[in-house]
Each structure stands twice: as structure tokens, then as C-alpha cells.
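# Coordinate inspection notes
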Amino acid sequence: MSRNLPGAALADDPLCEIDEDQKFWDRRGWLIAGVWVIFLVFPVLDLLVEDYSLPTRIIGLALIALFAAVYLQSYAKFSQNIGQGGTSARRAHANFLVLCAIIALGIPVIGLTTMGLFPFITSFAIFLLSRKWAIAAYAAVLVLSFALPIVFGQFMDAIFLIGRVC
């Protein structure tokens, strides 16, 4: 009997399920990304526990807070593109480059602690950008994961980070 009502056929349409899935990502995709921000606790703890000067701690914590804000804002704005092959929006690419710049600024200030941000860069690229950007991000993270510990003379001390970020 409900089949005779306008729109009743749509309720049984399998495409409605796709629409519901897409609505989830549109509204709550940033929450999924937000859960992973808890892992920023590792670089934060490093800054708080290790022997850093107060200005270095403040700059490092500010960089991580800015990184988290840009990351979450990007997922809030572009999470509807998850599973859609990424977005071509200039803002998403600009935000990605801002995240990369934050890491680049952090390397001379907080050193290997910046490696704790690498998984976020790769996740951003794989979920929000095109395959080309994702491959480039993974390649850069792979190279930096080996190069930075060597440059800082801490390869053996940081070897566990390589497996975590690659």
C-alpha cells in the first residue's frame, strides 16, 4: 500500500543507501578524522617531557595546534569527497601545502618530533586529494622518514618511527 504514496519507491531504491552513506560523510566525516588527532599526543608529550627550551616548547606546541586546526577544518570542509577520488578544490590543496609548511617550519625547531605529523599528511592526501597527490605525499614521507634521522644523527634512536610513519 505504501508503494502508491509519492516517494515510496525511493525508500526501496538501493541508491538511497548510497545517498545516506554520502550524507554521513558530508556531516560527520571530520569526526572520523578528529578521532585520529589523539595521536598528536606523542609529539606534544615529546615537547613537554624532553629537554627543550621554553621558547622551543611554545613554538612547537603552537605549530602542532595550528596543524591540528588546519587538518580538522579541511576534513570538515572536504570530507564529502572521501571515496570520490578526492577534490580538485584549490582550498584543499592550499590547506595541504599549509600542513606541509608547518612540518617544514617544525623540522629546524623541534627536529624529529615533526615525524609524528607525517601520518596526518599521508592520510590527508589519500582521503581528500587525488591519487597523484597521495603518491607524492607518501614518497616524500618515505624519503624524509629515512633522511631526517640520518641528518639529525639519530637513525638508530628513531628507527621505530620509520615503521610507524611509512
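Reading the values: the criteria
Sequence order sets the numbering: in each chain, residues are counted from 1 along the sequence as written. The predicted origin of the model limits local features to residues at a pLDDT of at least 70 and limits the giving and counting of side-chain atom pairs to 80 or more, whereas totals for whole chains, interfaces and linings rest on all residues. As a rule here, side-chain values cover all heavy atoms of the structure and leave hydrogens and water aside. Numbering of helices and strands runs from the N terminus; a helix is a DSSP stretch of H or I covering at least four residues, while a strand is a stretch of E covering at least two. Relative accessibility thresholds used throughout: buried, under 20% of the residue-type maximum; exposed, over 50%; partly exposed, between the two (1.4 Å probe, protein chains only). In protein, a polar contact means a hydrogen-donor-capable atom and an acceptor-capable atom, both N or O and within 3.5 Å, with residues adjacent in sequence counting only if both atoms are side-chain atoms; elsewhere, any N or O pair within 3.5 Å suffices. Any two residues whose heavy atoms approach within 4.5 Å at even a single point are treated as in contact. Helices are assigned an expected span. That span is 1.5 Å times one less than the residue count. Put simply, two rings from Phe, Tyr or Trp (the six-membered ring, in Trp's case) pair if the centres are within 6.5 Å, and we call them stacked under 30 degrees between planes, edge-to-face over 60, tilted for the rest. Ring-over charges, as used throughout, are those where CZ of Arg or NZ of Lys falls within 6 Å of the ring centre and within 35 degrees of the ring normal. Note that patches include only residues with greater than 30% relative accessible area and no salt bridge, and the join distances are 9 Å for like charges and 5 Å for nonpolar side chains (Val, Leu, Ile, Met, Phe, Trp, Tyr). Note that accessible areas follow from Shrake-Rupley with a 1.4 Å probe, and for residues the cover is restricted to the protein chains shown. One speaks of a salt bridge when a side-chain nitrogen belonging to Lys or Arg is within 4 Å of a carboxyl oxygen belonging to Asp or Glu. Working convention: axes come from line fits to C-alpha atoms, limited for helices to the stretch in contact. Angles between N-to-C directions cover 0 to 180 degrees. An angle below 35 degrees is treated as roughly parallel, one above 145 as roughly antiparallel, one from 65 to 115 as roughly perpendicular, and anything else as oblique. Any residue that is not Ala, Val, Leu, Ile, Met, Phe, Trp, Tyr, Cys, Pro, Asp, Glu, Lys or Arg is counted as polar, Gly included; the first ten are nonpolar and the last four charged.

### Observations concerning the side chain of T114
Tracing the backbone shows T114 in the loop between helix 5 (90-110) and helix 6 (118-128). Judged by its relative accessible area of 1%, T114 is buried. A distance of 2.8 Å separates the side chain of T114 from the backbone oxygen of G111, its partner in a polar contact. Sequence-distant contacts of T114, that is, excluding residues within four places in its chain, are made with I103, G106, I107 and L148.

### As for helix 7 (residues 131-151)
Across its 21 residues, helix 7 extends 29 Å between first and last C-alpha, which sits within 8% of the 30 Å expected from 1.5 Å per residue. Those residues of helix 7 that fall on the buried side of the exposure criterion are A134, A137, V141, S145, L148 and P149. Taken from the residues just after helix 7, G153 is the one with a positive phi, measuring 65 degrees.

### Notes on the packing of aromatic side chains
In this structure the tally under the stated criterion is 10 aromatic pairs. With a centroid separation of 6.4 Å and an interplanar angle of 10 degrees, the aromatic rings of F67 and Y71 are classed as stacked. Placement of both F67 and Y71 in helix 4 (residues 54-78) is noted, with a separation of 4 residues, approximately one turn of the helix. A relative accessible area of 2% places Y71 in the buried class. Sitting over the ring of F78, K77 keeps its end group 6.0 Å from the ring centre.

### Concerning a nonpolar patch on the surface
On the surface, I32, V35, W36, I38, F39, V41, F42, L45, L48, V49 and L61 cluster together to form a nonpolar patch covering roughly 1000 Å² of accessible area. Contributing elements (two or more residues each) for the nonpolar patch: helix 2 (14-36) and helix 3 (41-49). No other element matches the 5 residues that helix 3 contributes to the nonpolar patch. Within the secondary structure, I38 is located in the loop between helix 2 and helix 3.

### Side note on the side chain of T122
For T122, the position within the fold is in helix 6. Residue T122 is classed as buried on the basis of its relative accessible area, which comes to 5%.

### Some thoughts on the environment of F124
Structurally, the position occupied by F124 is in helix 6. Separated by 28 residues in sequence, F124 and F96 have C-alpha atoms that sit 7.3 Å apart.

### Let's talk about the packing of helix 3 against helix 4
At a minimum axis separation of 9 Å, helix 3 and helix 4 run at an interaxial angle of 170 degrees. Accordingly, the angle class assigned to the pair helix 3 and helix 4 is roughly antiparallel. Only T56, R57, G60, L61 and I64 of helix 4 make contact with helix 3, whose side of the interface consists of P43, V44, L47, L48 and V49. Each residue belonging to the contact of helix 3 with helix 4 can be placed in one class, and the counts come to 7 nonpolar, 2 polar and 1 charged.

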